[in-house]
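Coordinates in review
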Amino acid sequence: MSRILLPKNSPLGRRKFLGLGVAGLGAGLLSGCDRLSEAPKFIDMLGSAESLTYRIQRFLGGGSALAREFSEADLSPVFKVNGTQAPDTPEYAALQESGFANWRLRIDGLVTKPLDLSLADLRAMPQRTQITRHDCVEGWSAIGKWQGPTLADLLRRAGLQPTARFAVFHCADFYERAADGTGQYYESIDLIDAFHPQTILAHRLNDEALSVGHGAPLRLRVERQLGYKQAKYVMRIELTDRLDHLGLGKGGFWPDRGYEWYAGI
Ligand SMILES: Nc1nc2c(c(=O)[nH]1)N[C@H]1C(S)=C(S)[C@@H](COP(=O)(O)O)O[C@H]1N2
Ligand SMILES: [Mo]
């Protein structure tokens, strides 16, 4: 915040400045903000432009802003399939064969009550439906109608331990399987996006069960970020306090390969 609003050598320190600006806020909230402001350090956020977007969205009122929602008339006639078209593991093939009857979503890590949920369990929860635009870095967009429970509801059921800071989505597919066994797709978001009202685990697209191409049986929709954050084939949601021990250490398959971790749009 000081970086954006104060000259470098301002005599007004960051704490003082925060103190003046948010005098009415409780100490708990302040320390929460402080904790979040340090999130980028955990993943060694190199790009200053990325860091700036993150800070602007988080501190200048963007924390709860909603992504635009569209009407049925806006739905794209074709929603492109991109990235993995179908995970090529025997485990996934077996799940697909059973119509995903044996599939379970695992929620674990820094939670108080780890969960194993079937598709029926997820369908029985309150559902959110949203028509949003998906923007891929490759330069295409598509408007689709997604349905599923909010991640917030799932996390409330699992209960967060106080040290939890990130939700990590482990996927069934290897986008690029290396000889050492790495290359499994994964993504992660902070708790503000995790509890955002438009962040859902979608099992339906355009009023039909999610196809294998689009991430069956369950994929993330985190609507204020780019396409590669929208993890398909989600098998496990892990709550963590850091990201540097996963994959190549940058918090996601594409972030590990040079893309921004915080892909705000
Ligand atoms: N598990 C997994 N999730 C993924 C990908 C992938 O290859 N594997 N590709 C990402 C990218 S780059 C995009 S644009 C979208 C594409 O989603 P779609 O196939 O439903 O259009 O999924 C994202 N999520
Ligand atoms: Mo993408």
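Residues numbered from 1 in each chain as written. Chains lettered and ligands numbered in written order. Predicted model: local features only at pLDDT ≥ 70, side-chain atom pairs only at ≥ 80, totals over all residues. Heavy atoms only, no water.

Per an unreviewed UniProt entry, the protein carries the name Molybdopterin-dependent oxidoreductase and comes from Rhodoblastus acidophilus.

Side note on the overall build of the protein
Of regular secondary structure, the protein possesses nine helices and 11 strands. Across the 265 residues of the protein, 48% fall into the buried class. At a minimum sequence separation of 6, the contacts of the protein that also span at least 24 residues come to 69%. Per element, the accessible surface of the protein, about 12800 Å² overall, is 54% carbon and sulfur. (Helix = DSSP H or I, 4+ residues; strand = E, 2+ residues; numbered from the N terminus. Buried < 20%, exposed > 50% of the residue type's maximum accessible area, 1.4 Å probe, protein only. Contact = heavy atoms within 4.5 Å. Areas by Shrake-Rupley, 256 points an atom, 1.4 Å probe, with all protein chains shown as cover.)

Overview of the site of ligand 1
For ligand 1, the set of nearby residues contains 22 residues, the closest of which are Lys 80, Asn 82, Asp 173, His 214 and Lys 232. Within the backbone of Asn 82, a nitrogen or oxygen atom sits 2.8 Å from an oxygen atom of ligand 1. Look at ligand 1: alone it shows 530 Å² of surface, and the protein chains cover 98% of it. Looking at the shell around ligand 1 residue by residue, the class counts come to 10 nonpolar, eight polar and four charged. (Near = heavy atom within 4 Å. Polar contact = N/O pair within 3.5 Å; in protein donor to acceptor, adjacent residues only side chain to side chain. Nonpolar A, V, L, I, M, F, W, Y, C, P; charged D, E, K, R; others polar.)

Some remarks on the sheet that holds strand β4 (residues 141–148)
Sheet strands associate in pairs through backbone hydrogen bonding, adopting either a parallel or an antiparallel arrangement. Spatially, the four strands line up as an open sheet ordered β3-β4-β8-β9, and their pairing is antiparallel. Each of the sheet's edge strands pairs with one partner strand only, and the pair in question is β3 (128–135) and β9 (208–209). One ladder, built from eight bridges, connects β3 with β4; its direction is antiparallel. Following the sheet pairing, Arg 128 is matched in β4 by Gly 148. (Pairing = 2+ DSSP bridges.)

Overview of the pattern of salt bridges
If you walk through the whole model with that rule in mind, you get 15 salt bridges. Between Glu 223 and Arg 221 there is a salt bridge whose closest N-O contact spans 3.1 Å. Classification of Glu 223 by relative accessible area gives buried; the value is 5%. Connected via shared salt-bridge partners are Arg 106, Asp 108, Asp 116, Arg 236 and Glu 238. (Salt bridge = Lys/Arg side-chain N within 4 Å of Asp/Glu carboxyl O.)

With respect to the sheet that holds strand β2 (residues 115–117)
Here five strands make up an open sheet; going across it, the order is β2-β1-β11-β5-β6 and the pairing mixed. Every interior strand has two partners, whereas the edge strands, β2 and β6 (184–190), have only one. Neighbour-to-neighbour, the strand axes of the sheet open up by a mean angle of 20 degrees, direction not taken into account. Relative to β2, strand β1 (residues 105–109) runs antiparallel, the two sharing three bridges. Along β2, the bridge assignment pairs Leu 105 with Leu 117. Along the sheet, helix α8 (residues 151–158) contacts β1, β2, β5 (166–174), β6 and β11 (234–240); its crossing angle with β2, the most-contacted strand, is approximately 135 degrees. (Axes fitted to C-alpha atoms, helices over the stretch in contact; angles between N-to-C directions.)

So, the side chain of Arg 219
With respect to the secondary-structure elements, Arg 219 resides in strand β10 (residues 219–221). Buried within the structure, Arg 219 lacks any salt-bridge partner; Glu 223 is the closest side chain of opposite charge, at an N-O distance of 8.1 Å. A polar contact of 3.1 Å, which involves the side chain of Arg 219, links it to the backbone oxygen of His 214. Filtering out sequence-adjacent residues up to four positions away, Arg 219 remains in contact with His 134, Trp 146, Ile 200, Leu 201, Ala 202, Leu 210, His 214, Gln 230, Ala 231, Lys 232, Tyr 233 and Val 234. (Lys, Arg positive; Asp, Glu negative; His and termini not counted.)

Description of the packing of aromatic side chains
Inspection of the entire model under this criterion finds 11 aromatic pairs. Measuring from centroid to centroid gives 5.6 Å for Phe 79 and Trp 146, while their planes differ by 85 degrees, and the two rings are edge-to-face. With Phe 79 in the loop between α5 (48–59) and α6 (90–97) and Trp 146 in strand β4, this pair connects stretches of sequence that are 67 residues apart. For the pair formed by Phe 79 and Trp 146, the shared burial category is buried. Ring centres of Phe 166 and Trp 261 lie 5.8 Å apart, and the angle between their planes is 85 degrees; on these two criteria the pair is classed as edge-to-face. With a gap of 95 residues between them, Phe 166 in strand β5 and Trp 261 in the segment after β11 connect regions that are remote in the sequence. Residue Phe 166 is classed as buried on the basis of its relative accessible area, which comes to 0%. (Phe/Tyr/Trp six-rings, centres within 6.5 Å; stacked < 30°, edge-to-face > 60°.)

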